Amino acid sequence: MKAKNRDQSLSDSRELDGSYDQLTGNQTGQSKKTIKQRFLKLLPCCKPSAAPSISQSNIEDDFELSTVCHRPESMDKLEEQTKFTKKELQVLYRGFKNECPSGVVNEETFKTIYSQFFPQGDSSMYAHFLFEAFDTNKNGSVSFEDFVFGLSIILRGTINDRLNWAFNLYDLNKDGCITKEEMLDIMKSIYDMMGKYTYPTMQDDAPREHVESFFQKMDRNKDGVVTIEEFIESCQKDENIMQSMQLFDNVI
């Protein structure tokens, strides 16, 4: 019985990442290199790795079965809930599983992995804010589902979807509005992450100037906070703000 359950779990796992053909019972080849690299480069939790051999894959599957604490939903269901195809989800899952074999990632691991992408600066605070945005269940961990739901909005969502996600990132205490202090914390974390040796050189007061400029345009009723309505309306109407938001896009 245990052997049967183990075989079923192994089959489920391989179906998720596309490394197993349920019809023939054989392992399939890896996804095309260009497709895999394109998506894995976008993942804060994943990075490209060499294609494993059959024996290596077997070892990885055995390791996963002994350590996995969260198994994602079926690819068909995730395909319905996101804007990714099943093949794209399989590529993303393989990359996620390589870095997070337990099926979830905690904040410290997330920070460690994210820091590899910005070695010139300190990304720890921004990674904290980003982790909070992905951790929609507020349980201190990000699952594969959490990750692809957020990634789907960032990469494939409408302008409104993306602006709502950005607002949620800036709204640190989740009270439905953004204060200058909250936006300043985010901006400082971005500038810290980009490093002091960028060109052109970033001035120390640049984050505060950036926030003041935002609030002059966004806080339309001058009550000291920006609501979701003010945020979306201002971003959609002001081309300069939309261009400034590209800084946010570049550090996801």
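Residues numbered from 1 in each chain as written. Predicted model: local features only at pLDDT ≥ 70, side-chain atom pairs only at ≥ 80, totals over all residues. Heavy atoms only, no water.

> How should I be thinking about the nonpolar core in this particular structure?
One broad rule of soluble globular proteins: the nonpolar side chains tend to lie buried together. Counting residues in each nonpolar core, the largest one holds 47 residues, and the members touching the most others are Phe 134, Phe 144, Met 183 and Phe 231. Ignoring anything within four residues of it in the chain, the contact list for Met 183 reads Tyr 170, Ile 178, Val 211, Phe 214, Phe 215 and Met 218. (Core = buried A, V, L, I, M, F, W, Y, C linked by side-chain atoms within 4.5 Å. Buried < 20%, exposed > 50% of the residue type's maximum accessible area, 1.4 Å probe, protein only. Contact = heavy atoms within 4.5 Å.)

> Please clarify how the packing of helix H6 (residues 107-115) against helix H7 (residues 124-134) should be interpreted in this entry.
Helices that pack against each other are described as a pair by the angle of their axes relative to one another and the distance between those axes. H7 packs onto H6 with a crossing angle of 125 degrees between their chain directions and a minimal axis gap of 9 Å. Accordingly, the angle class assigned to the pair H6 and H7 is oblique. Here the hand of the crossing between H6 and H7 comes out right-handed. Of H7, the residues touching H6 (which contributes Glu 107, Phe 110, Lys 111 and Tyr 114) are Ser 124, Tyr 126, Ala 127, His 128, Leu 130, Phe 131, Glu 132 and Phe 134. Residue composition of the contact of H6 with H7, by class: 7 nonpolar, 2 polar and 3 charged. (Axes fitted to C-alpha atoms, helices over the stretch in contact; angles between N-to-C directions. Helix = DSSP H or I, 4+ residues; strand = E, 2+ residues; numbered from the N terminus. Parallel < 35°, antiparallel > 145°, perpendicular 65-115°, else oblique. Left-handed = near helix turned anticlockwise from the far one by under 90°. Nonpolar A, V, L, I, M, F, W, Y, C, P; charged D, E, K, R; others polar.)

> Looking at this model, I keep getting lost on the pattern of salt bridges. Mind explaining?
When charged atoms on two side chains of opposite charge get close, those side chains can pair. The tally for this structure, following the rule as stated, stands at 7 salt bridges. Taking the shortest distance from any N to any O, the salt bridge between Lys 86 and Asp 76 comes out at 3.6 Å. Of the two residues, Lys 86 sits in helix H5 (residues 86-99) while Asp 76 sits in helix H4 (residues 75-81), which places them 10 residues apart along the sequence. Notably, a salt bridge pairs Asp 238 with Lys 217, separated by 3.8 Å at the nearest N-O pair. Of the two residues, Asp 238 sits in the loop between helix H12 (228-237) and helix H13 (239-244) while Lys 217 sits in helix H11 (residues 206-218), which places them 21 residues apart along the sequence. In this structure Lys 217 comes out as partly exposed when scored by relative accessible area, which is 32%. Taken together, the shared-partner salt bridges connect Glu 107, Glu 108 and Lys 111 into one network. (Salt bridge = Lys/Arg side-chain N within 4 Å of Asp/Glu carboxyl O.)

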